[in-house]
Amino acid sequence: MTRVAIVGVAGRMGRTLVNAVEQDAEATLAGGIVEPGSTLAGADLGELAGVGKRSVVAVDSLQSIVDDFDVLIDFTAPQVTLANLAFCAEHGKRIVIGTTGMSDDELAQLDSYRNKVAMVFAPNMSVGVNLTLKLLETAAKALGDEGYDIEVIESHHRHKVDAPSGTAIKMGEVIAESLGRNLKEHGVFERVGQCGPRTDKEIGFATVRAGDIVGEHTVMFATEGERIEITHKASSRMTFAKGAVRAARWVADKESGRYDMQDVLGLE
Ligand code: NAD
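Within each chain, residues carry numbers counting from 1 in the order of the written sequence. Two thresholds apply to this predicted model, a pLDDT of at least 70 for residue-level local features and 80 or more for giving and counting side-chain atom pairs, whereas whole-chain, interface and lining totals are computed over all residues. In computing side-chain properties, one takes all heavy atoms of the structure into account and sets aside hydrogens as well as water.

**Details of the site of the ligand**
The criterion, for reference: It suffices for a single heavy atom of a residue to lie within 4 Å of a molecule or strand for the residue to be listed as near it. Definition of a polar contact: a pair of N or O atoms within 3.5 Å, with one able to donate and the other able to accept a hydrogen when the atoms are protein atoms, and with sequence-neighbouring residues admitted only if both atoms are side-chain atoms. All accessible areas in this document rest on Shrake-Rupley with a 1.4 Å probe, and a residue is counted as covered only by the protein chains that are shown. Charged residues are taken to be Asp, Glu, Lys and Arg, nonpolar residues to be Ala, Val, Leu, Ile, Met, Phe, Trp, Tyr, Cys and Pro, and polar residues to be all remaining types, Gly included.
Arg12, Met13, Glu35, Thr100 and Met125 are the nearest of the 23 residues found near the ligand. Ala122 places a polar main-chain atom, nitrogen or oxygen, 3.0 Å from a nitrogen atom of the ligand. Burial of the ligand by the protein chains amounts to 79% of its free accessible area of 860 Å². Looking at the shell around the ligand residue by residue, the classes come out as twelve nonpolar, seven polar and four charged.

Laid out in structure tokens, this is it:
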């Protein structure tokens, strides 16, 4: 049985994660952490997530539950996640990170822990998206150098704070890598005014923020005469939460290293 603690347990993903851990026969809810000073400290985690009383209460310090859990699941914000990563490295805990929107510097800091802690880090924990990454690799190899323009379009709810989504960037990276391109050089994240015609090798991104959209990604491969679209639509946060719990179970006995969902799902 993997003992799981959830950081950001009062958030959209945090509450869904409580639900997912409760539904998993091989994982147990060992703790939940809210922001320091939050009035939700002391709240029953089950009640917080709407699944009924569970007798595990939210705390506002990781240290206070250090002996209770094996794997931490963190869907919060970059600086919070980096602090928790340091904590896990220091205390021999594993960690599953779903937080997106890290800067290059923050990503480098995260990576510096790869030999100190076993972590799964993925901008999208859904099985479907990770399979989609494989499909994109195949499509990019077949079409990308044959005159097909590649565009990534993503839509999310109005509360999302980073753009484009971590998943969209990951899709762009997978495509760029498959084609020997560099996303830093070929990614186009903004088009406004007299921006000129499209270049052959660019990989374009478009972002929609509206209402309660959980997460939708389409990659378009378009040329004269035809267009292929590979689309993934998440209809519930449960898909990410279940993937994260699966990752927590998977990483529980792994040695230090930086893993992703392709490793967890055996898709490499
Ligand atoms: P949210 O704002 O609803 O939740 C974040 C929570 O973190 C909040 O409740 C906040 O109070 C809490 N928090 C902030 N600082 C904290 C601290 N120091 N200690 C404990 N808790 C703290 O956001 P969300 O929609 O749940 O998304 C969170 C992150 O997860 C975002 O980066 C989002 O992009 C990402 N996300 C990833 C996936 C994936 O599959 N990898 C899926 C969905 C969302």
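Resuming the write-up.
**Concerning the packing of aromatic side chains**
Under the convention used in this document: Centres within 6.5 Å make a pair out of two Phe, Tyr or Trp rings, where for Trp the six-membered ring is used; the pair is then stacked when the planes are under 30 degrees apart, edge-to-face when over 60, and tilted otherwise. Only DSSP runs of H or I with at least four residues qualify as helices, and only runs of E with at least two residues qualify as strands; both kinds are numbered from the N terminus onward. Partly exposed residues are those whose accessible area sits between 20% and 50% of the maximum for their type, while under 20% is buried and over 50% is exposed, using a 1.4 Å probe and protein chains only. Whether a charge sits over a ring comes down to the Lys NZ or Arg CZ being within 6 Å of the ring centre and within 35 degrees of the ring normal.
On inspection of all chains with the given rule, the structure shows two aromatic pairs. Seen in terms of ring centroids, Phe189 and Phe205 are 4.6 Å apart; in terms of plane orientation they differ by 20 degrees. Their pairing is stacked. In this pair, Phe189 is assigned in the loop between β8 (187-188) and β9 (203-209) and Phe205 in strand β9, connecting sequence segments 16 residues apart. Looking at Phe189, the relative accessible area reads 43%, which means it is partly exposed. Above the face of the Tyr113 ring, Lys116 is positioned so that its terminal group lies 5.2 Å from the ring centre.

**Here's the deal with the nonpolar core**
A general trend in soluble globular proteins is that nonpolar side chains are found buried together. Spelled out, the test is: By convention a nonpolar core is built from buried Ala, Val, Leu, Ile, Met, Phe, Trp, Tyr and Cys residues, the set being connected through side-chain atoms within 4.5 Å. The criterion used for residue contact is that any of the two residues' heavy atoms lie within 4.5 Å.
Membership of the largest hydrophobic core comes to 38 residues, with the highest contact counts inside it found for Ile6, Val9, Leu17, Ile73, Val96, Val120 and Met261. Among the secondary structure elements, those contributing two or more residues to this core are β1 (2-7), α1 (12-23), β2 (27-33), α2 (45-49), β4 (71-74), β6 (118-121), α8 (238-251) and α9 (261-265). Here this core takes eight residues from α8, the largest share from any one element. Dropping the residues within four chain positions of it, Met261 is found in contact with Val120, Ala122, Asn124, Met125, Asn130, Gly243 and Ala247.

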